[in-house]
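# Overview (structure and organization)
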Amino acid sequence: EHDPGSADLAVSLGGDGTMLRTVKVLGESAVPIIGVNVGLLGYLTEVEPDALCPALERYFAGATEGEFGLLLDVAVVR
């Protein structure tokens, strides 16, 4: 119903797969994502569950630095 790309912030609760899905859903929008690691691997998610509230407070206070990454769209054709 709503365009995810119009959000001010996205919070991804899960592991790396959930983070990748969040990036895919947001598409090419510049919505910042806070990745909360509640999965088994946490290479892409930096915030542990008990640190979510402080991370949100830092974000809304403007005291955060973002990391920008590249998104590749790959298709294998045989």
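In the block above lies the structure referred to throughout.
Before going into details, it helps to say that this report is about the structure given with it. What you see is a predicted model, and the numbers here were worked out from it, not measured in a lab. (Residues numbered from 1 in each chain as written. Predicted model: local features only at pLDDT ≥ 70, side-chain atom pairs only at ≥ 80, totals over all residues. Heavy atoms only, no water.)

### Topic: the overall build of the protein
Scanning the protein from N- to C-terminus turns up 2 helices and 2 strands. Shown N-terminal to C-terminal, the secondary structure of the protein runs as helices and strands in the order β-α-β-α. Considered along the principal axes of its C-alpha atoms, the protein spans approximately 50 × 30 × 25 Å. The buried share of the protein, taken over its 78 residues, is 23%. For the protein, restricting intrachain contacts to residue pairs at least 6 apart in sequence, the fraction spanning at least 24 positions comes to 43%. Accessible area for the protein stands at about 6400 Å²; split by element, carbon and sulfur atoms hold 56% of it. (Helix = DSSP H or I, 4+ residues; strand = E, 2+ residues; numbered from the N terminus. Buried < 20%, exposed > 50% of the residue type's maximum accessible area, 1.4 Å probe, protein only. Contact = heavy atoms within 4.5 Å. Areas by Shrake-Rupley, 256 points an atom, 1.4 Å probe, with all protein chains shown as cover.)

### Quick look at the packing of aromatic side chains
Scanning the entire structure with this criterion turns up 1 aromatic pair. Plain terms: the ring middles of Tyr59 and Phe60 are 5.1 Å apart, the flat faces sit at 80 degrees to each other, and that makes the pair edge-to-face. The class of Phe60 is exposed, set by a relative accessible area of 63%. (Phe/Tyr/Trp six-rings, centres within 6.5 Å; stacked < 30°, edge-to-face > 60°.)

### Digging into the environment of Asp73
Mapped onto the elements, Asp73 comes out in the segment after helix 2 (52–60). A C-alpha to C-alpha distance of 24 Å links Asp73 and Asp8, two positions 65 residues apart in sequence.

### Focus: the side chain of Thr22
With respect to the secondary-structure elements, Thr22 resides in helix 1 (residues 16–26). The class for Thr22 is buried, based on a relative accessible area of 15%. Within the local environment of Thr22, its side chain forms a polar contact with the side chain of Ser12, the two groups lying 3.1 Å apart. Separated by 2.9 Å, the side chain of Thr22 and the backbone oxygen of Thr18 make a polar contact. Thr22 has contacts with Ala10, Ser12 and Ile33, leaving out every residue within four places of it along the chain. (Polar contact = N/O pair within 3.5 Å; in protein donor to acceptor, adjacent residues only side chain to side chain.)

### What about a nonpolar patch on the surface?
On the surface, Leu20, Leu40, Leu41, Tyr43 and Leu44 cluster together into a nonpolar patch covering about 640 Å² of accessible area. Among the residues examined, Leu44 registers a relative accessible area of 41% and is labelled partly exposed. (Patch = residues over 30% accessible without salt bridge, like charges linked within 9 Å, V, L, I, M, F, W, Y side chains within 5 Å. Salt bridge = Lys/Arg side-chain N within 4 Å of Asp/Glu carboxyl O.)

### Things to note about the pairing of strand 2 (residues 33–37)
By the criterion of burial, strand 2 is predominantly enclosed, with 4 of the 5 residues buried. Taken together, the 5 bridges between strand 1 (residues 10–14) and strand 2 define a ladder with parallel strand orientation. Bridging across to strand 2, Ala10 finds its partner in Ile33. As for the winding sense of the linkage, the β-α-β connection from strand 1 through helix 1 to strand 2 is right-handed. (Pairing = 2+ DSSP bridges. Right-handed = clockwise from strand over helix to strand, strands pointing away.)

Without other data, these values stay purely geometric and don't point to any function.
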